[in-house]
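These are the residues of each chain, in order.
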Amino acid sequence: MCSSDLLALGRGASLPRRPRAWLDILVLSLLGSTFPFLLIPLGQREVASNIAAILNASVPIWTGVFVYLLLPSERLSSARIAGLVLGFIGVAIVIGPGAGTIAGGLLGEVEILAASACYGAGAVYFRRHLAGGNTTLIAGLQSAIGFVLLTPIVLAAGAAPN
């Protein structure tokens, strides 16, 4: 358990009782913690930190795309669609035709963009499946599950900190 879980439980929250809620938190943890925390370090083996930061800034763009695709009640205005298009153009300019040469390796850039897409998908997944829940408790459980999932991978890779 994380300190945020203890805080939420101390304030009267209770752990989920429905198996579906645990599945939703697992999916949220995969999208919001596990996959990005694997993909970003992999990408940064080939991409400079400044480029990784710019690519990771595409999270709002991905969130907007997933909102459009998965939340039909939230229609995007023409101004928001224009913002998404401009955002994609900006990311495309950063990656540019010289991807893999100037900015870094193309695979690294794709890994970082995939991590950003995971963050965006996680936000929309939360909205669809976990809205109304105790956000402090859910965030702590997401982190705890991510830790449990990532630890054996990090240990197997021999990348555990000294």
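Residues numbered from 1 in each chain as written. Predicted model: local features only at pLDDT ≥ 70, side-chain atom pairs only at ≥ 80, totals over all residues. Heavy atoms only, no water.

J.: Explain the nonpolar core to me, and be specific about the residues and the numbers.
T.: Listed in full, the 10 residues of the largest apolar core are Val 47, Ile 51, Ala 52, Leu 55, Ile 61, Leu 76, Leu 84, Val 91, Ile 112 and Leu 113. For this core, the leading source of residues is helix 3 (residues 49-56), giving 3 residues. Setting aside anything within four residues of it in sequence, one finds Ala 52 in contact with Gln 44, Val 47 and Ile 112. Listed in part, the 9 residues of the second largest apolar core include Val 67, Cys 118, Ala 121 and Tyr 125. (Core = buried A, V, L, I, M, F, W, Y, C linked by side-chain atoms within 4.5 Å. Buried < 20%, exposed > 50% of the residue type's maximum accessible area, 1.4 Å probe, protein only. Helix = DSSP H or I, 4+ residues; strand = E, 2+ residues; numbered from the N terminus. Contact = heavy atoms within 4.5 Å.)

J.: Requested: an account of the packing of aromatic side chains, with residues and values cited.
T.: Summed over the entire model, instances satisfying the criterion amount to 1 aromatic pair. Measuring from ring centre to ring centre gives 6.3 Å for Trp 62 and Phe 66, while their planes differ by 25 degrees; the resulting arrangement is stacked. Here Trp 62 pairs with Phe 66, and both are found in helix 4 (residues 59-70), just 4 residues apart, close to one helical turn. Judged by its relative accessible area of 22%, Trp 62 is partly exposed. (Phe/Tyr/Trp six-rings, centres within 6.5 Å; stacked < 30°, edge-to-face > 60°.)

J.: Provide a residue-level description of the packing of helix 3 against helix 6 (residues 106-129), including the pertinent values.
T.: Helix-helix packing: each pair is described by the crossing angle between the helix axes and the interaxial distance. Running from amino to carboxyl end, helix 3 crosses helix 6 at an angle of 35 degrees, the nearest separation of the two axes being 9 Å. Relative to helix 6, helix 3 is oriented so that their crossing is right-handed. On helix 6, the residues touching Ala 52, Leu 55 and Asn 56 of helix 3 are Glu 109, Ile 112, Leu 113, Ser 116 and Tyr 119. A breakdown of the residues in the contact of helix 3 with helix 6 according to their chemical character gives 5 nonpolar, 2 polar and 1 charged. (Axes fitted to C-alpha atoms, helices over the stretch in contact; angles between N-to-C directions. Left-handed = near helix turned anticlockwise from the far one by under 90°. Nonpolar A, V, L, I, M, F, W, Y, C, P; charged D, E, K, R; others polar.)

J.: An account of the environment of Ile 153 is requested, with residue identities and associated values reported.
T.: With respect to the secondary-structure elements, Ile 153 resides in helix 7 (residues 135-157). Remark: the alpha-carbon pair of Ile 153 and Leu 38, spanning 115 residues in sequence, is separated by 9.1 Å.

J.: Tell me about the side chain of Gln 142, residues and numbers included.
T.: Among the structural elements, Gln 142 can be located in helix 7. In contact with Gln 142, not counting residues within four places along its chain, are Ile 25, Leu 28, Ser 29, Gly 32 and Ser 33.

J.: Tell me about the pattern of salt bridges, and name the residues and values.
T.: Tallied over the full model, the rule gives 2 salt bridges. With a shortest N-O distance of 3.0 Å, Asp 24 and Arg 20 are connected by a salt bridge. Within this pair, Asp 24 and its partner Arg 20 are both found in helix 2 (residues 19-43), separated by 4 residues, close to a single helical turn. Residue Arg 20 is classed as partly exposed on the basis of its relative accessible area, which comes to 40%. Of the charged contacts in the structure, one is a salt bridge between Glu 74 and Arg 127, with a shortest N-O distance of 2.3 Å. With Glu 74 in the loop between helix 4 and helix 5 (78-95) and Arg 127 in helix 6, the pair connects residues that are 53 residues apart, well separated along the chain. (Salt bridge = Lys/Arg side-chain N within 4 Å of Asp/Glu carboxyl O.)

J.: Report on the packing of helix 4 against helix 6, specifying residues and quantitative values.
T.: In the contact formed by helix 4 and helix 6, the axes pass within 8 Å of each other and the chain directions differ by 45 degrees. When the axes of helix 4 and helix 6 are compared, the pair comes out oblique. As for how helix 4 packs across helix 6, the hand of that crossing is right-handed. For the pair helix 4 and helix 6, contact is made by Val 59, Trp 62, Thr 63, Phe 66, Val 67 and Leu 70 and by Leu 113, Ser 116, Ala 117, Tyr 119, Gly 120, Ala 121, Ala 123, Val 124 and Arg 128, respectively. Of the residues belonging to the contact of helix 4 with helix 6, the class tally is 11 nonpolar, 3 polar and 1 charged. (Parallel < 35°, antiparallel > 145°, perpendicular 65-115°, else oblique.)

J.: Report on the environment of Asp 24, specifying residues and quantitative values.
T.: The exposure class assigned to Asp 24 is buried, which follows from its relative accessible area of 3%. Separated by 102 residues in sequence, Asp 24 and Phe 126 have C-alpha atoms that sit 8.1 Å apart.

J.: Pulling in residues and values, what's your account of helix 4?
T.: With 12 residues, helix 4 extends 16 Å from end C-alpha to end C-alpha; this agrees with the ideal 16 Å at 1.5 Å per step. Burial in helix 4 covers these residues: Ile 61, Thr 63, Gly 64, Phe 66 and Val 67. (Expected span 1.5 Å × (residues − 1).)

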